[in-house]
Amino acid sequence: METELVLELPNDLRQIEHAVEYVMQRCAACQTHGRKLRLNFRVSLTEALSNAMLYGNERDPGKRVRVEVIVGEREIKARVTDEGSGFDPRQIPDPTTPGNLEKSGGRGLFLMRELMDEVHFNERGNQVTLILRLEPEGSDRRSDRKKGGGGAKA
Amino acid sequence: MGFQVEKQGEVTVVDVEGQLIVGNRQELKQKVLEQLESGDRKFVIDFSNTGYIDSSGLGVLVSLSKKIREQGGELRLANLNEDLRTLFELTKLDTLFKIADSRQEAMAGM
C-alpha cells in the first residue's frame, strides 16, 4: 500500500526542518529501514529543499516549493519542485576533488547522488526526483550508505 | 537546539545541540568568529548531541576551519556518530579535519 504526501512550502529555510520531520514521521511504517530513512532519505530531502529555496527560488519569500512524496513497499520517491528558471546539474563540479574540497558550497547535489539510488532532473532543471529503494527487512547491505551501486542520474 | 560555547583551558569547545543545517549555520559561524576575533585560536566542535548535518553545515565547518587556520589556529571535531562520519567520508572532509572519538582526545596536544 502506498502513502502519498503533498506539501506546499513557503520559501523559508526555517520550514525545511519541520517539513522533513513531518515526512519522516509519516514514513513511520518503514521503520524496518531505519538508517536508510534517517540518513539517506532525510539528508537528501533536506538538500533538495535547500537547493530549491536557495538557488531555485533564489531566496524569494514570495515563491513556494512543492514536495510530493510517495512511500511504497519497495521504494520511496520524493519530487521537489521550485518556481525558479532551473539549472543544469551537469555544471556542478565534484566537491571531493582537491581543488574543491575547501570550498564551502557545492555538496548538496553530490550528497543526493551518493545517498539515493536515483536522482533525476526535469528538462527545465527546477524539479528533482529522488528515489530510494527499500530492501526487504534484514537484507540491508553496506550499512546503507548507498545501495545497488551506480544508478544515480542527473 | 543551539550552540553552547565554553572555555576549557586554552581550548574553546562548542557543543552542537540538535542539527547543524542551512537554517542555523550562520549562528554557529557567528559564535565561532566572535571567539576568534577575541583571540581564541584552539577550537573543538563537539557533536555528541547532534542529530544530523546537511551540506550547508559541512560548508560552514570548512569555512570556519579555513579562517581559523589563517589566524594560526586549529579546529578539531569530536564525537561524530556513525551517520555524521558517513557524511564526512562521502564528501572526503574526513581528510580535511582531525576527527576525534572524544572531546578529550580532540583537545590532546592542541
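In case you missed it, the structure is sitting above this.
None of these values were measured; they are calculated from a predicted model. Per chain, residues are indexed from 1 in the order of the written sequence. A letter from A marks each chain and a number from 1 marks each ligand, given out in the order of writing. The model is predicted, so local features are restricted to residues of pLDDT at least 70 and side-chain atom pairs to those at 80 or more, both for listing and for counting; the totals for chains, interfaces and linings are taken over all residues.

Caption draft 1: Structural detail: the nonpolar core. Residues enter a nonpolar core if they are buried, belong to Ala, Val, Leu, Ile, Met, Phe, Trp, Tyr or Cys, and are joined to the set through C-beta atoms within 7 Å. Buried, partly exposed and exposed are defined by the number of other C-beta atoms within 10 Å of a residue's own C-beta, namely 20 or more, between the two limits, and 12 or fewer respectively, with C-beta atoms placed from the backbone. Judged by nonpolar contacts, the single largest core of 59 residues is most densely connected at Leu 45, Ala 48, Leu 49, Ala 78, Val 80, Met 112 and Leu 130 of chain A. Among residues more than four places away in sequence, those in contact with Leu 130 of chain A are Ser 44, Leu 45, Ala 48, Ala 78, Met 112, Met 116 and Val 119 of chain A. Working definition of a contact: two residues with C-beta atoms, positioned from the backbone, lying within 7 Å.

Caption draft 2: Quick look at the interface of chain A and chain B. Contact with chain A, which involves 23 residues of that partner, is made by 20 residues of chain B. Sorting the residues of the side of chain A that touches chain B by element identifies helix H1 (14-26), helix H2 (34-56) and helix H3 (108-115) of chain A as the ones contributing at least two each. Each residue receives one of three labels: charged for Asp, Glu, Lys and Arg, nonpolar for Ala, Val, Leu, Ile, Met, Phe, Trp, Tyr, Cys and Pro, and polar for the others, Gly being one of them. Residue composition of the side of chain A that touches chain B, grouped by class: eight nonpolar, six polar and nine charged. Only DSSP runs of H or I covering at least 4 residues are called helices, and only runs of E covering at least 2 are called strands; the numbering of each starts at the N terminus.

Caption draft 3: Seen up close, the sheet that holds strand S3 (residues 75-81) of chain A. Residue and element names in this part refer to chain A. Spatially, S1-S2-S3-S5-S4 is the arrangement adopted by the five strands of the open sheet, whose pairing is antiparallel. Either end of the sheet is taken by a strand with one partner, and the two such strands are strand S1 (3-10) and strand S4 (118-121). Each neighbouring strand pair of the sheet contributes to a mean axis angle of 15°, computed without reference to strand direction. Whether two strands pair depends on DSSP finding at least two bridges between them. Relative to strand S5 (residues 127-133), S4 runs antiparallel, the two being bridged by four bridges. Note that in S5 the partner of Glu 118 across the bridge is Ile 131. The angle between two axes is taken between their N-to-C directions and runs from 0 to 180 degrees, where each axis is a line fitted to C-alpha atoms and a helix contributes only its stretch in contact. H1 contacts S1 and strand S2 (64-71) of the sheet and is inclined by roughly 170° relative to S1.

Caption draft 4: How the structure looks around the packing of helix H1 (residues 25-37) of chain B against helix H2 (residues 55-70) of chain B. Residue and element names in this part refer to chain B. For the pair H1 and H2, interaxial distance at closest approach is 10 Å and the crossing angle is 10°. By the criterion of interaxial angle, the relationship of H1 to H2 is roughly parallel. The crossing of H1 and H2 is right-handed. Facing H1, whose interface residues are Arg 25, Leu 28, Lys 29, Val 32, Leu 33 and Leu 36, H2 presents Ser 56, Gly 57, Val 60, Ser 63, Leu 64, Lys 67 and Ile 68. By residue class, the composition of the contact of H1 with H2 is seven nonpolar, three polar and three charged. Working rule for angles: under 35 degrees goes down as roughly parallel, over 145 as roughly antiparallel, 65 to 115 as roughly perpendicular, anything else as oblique. Crossing chirality is assigned from the near helix's rotation relative to the far helix, an anticlockwise turn below a right angle marking it left-handed and a clockwise turn marking it right-handed.

Caption draft 5: Region of the structure containing H3 of chain A. For H3 of chain A, the tally of buried residues reaches eight of eight residues, placing the bulk of the element in the interior. Among the residues making up H3 of chain A, those that are buried are Gly 108, Leu 109, Phe 110, Leu 111, Met 112, Arg 113, Glu 114 and Leu 115 of chain A. Where H3 of chain A is buried, its residues meet H2, S4 and S5 of chain A together with H2 and helix H3 (82-90) of chain B.

Caption draft 6: Quick peek at the environment of Gly 105 of chain A. Residues and elements named next belong to chain A. Summarising the element assignment, Gly 105 is placed in the loop between S3 and H3. Here Gly 105 falls in the partly exposed class, since 16 other C-beta atoms lie within 10 Å of it. Sequence-wise, Gly 105 and Pro 95 are ten residues apart; in three dimensions their C-alpha atoms are separated by 8.1 Å.

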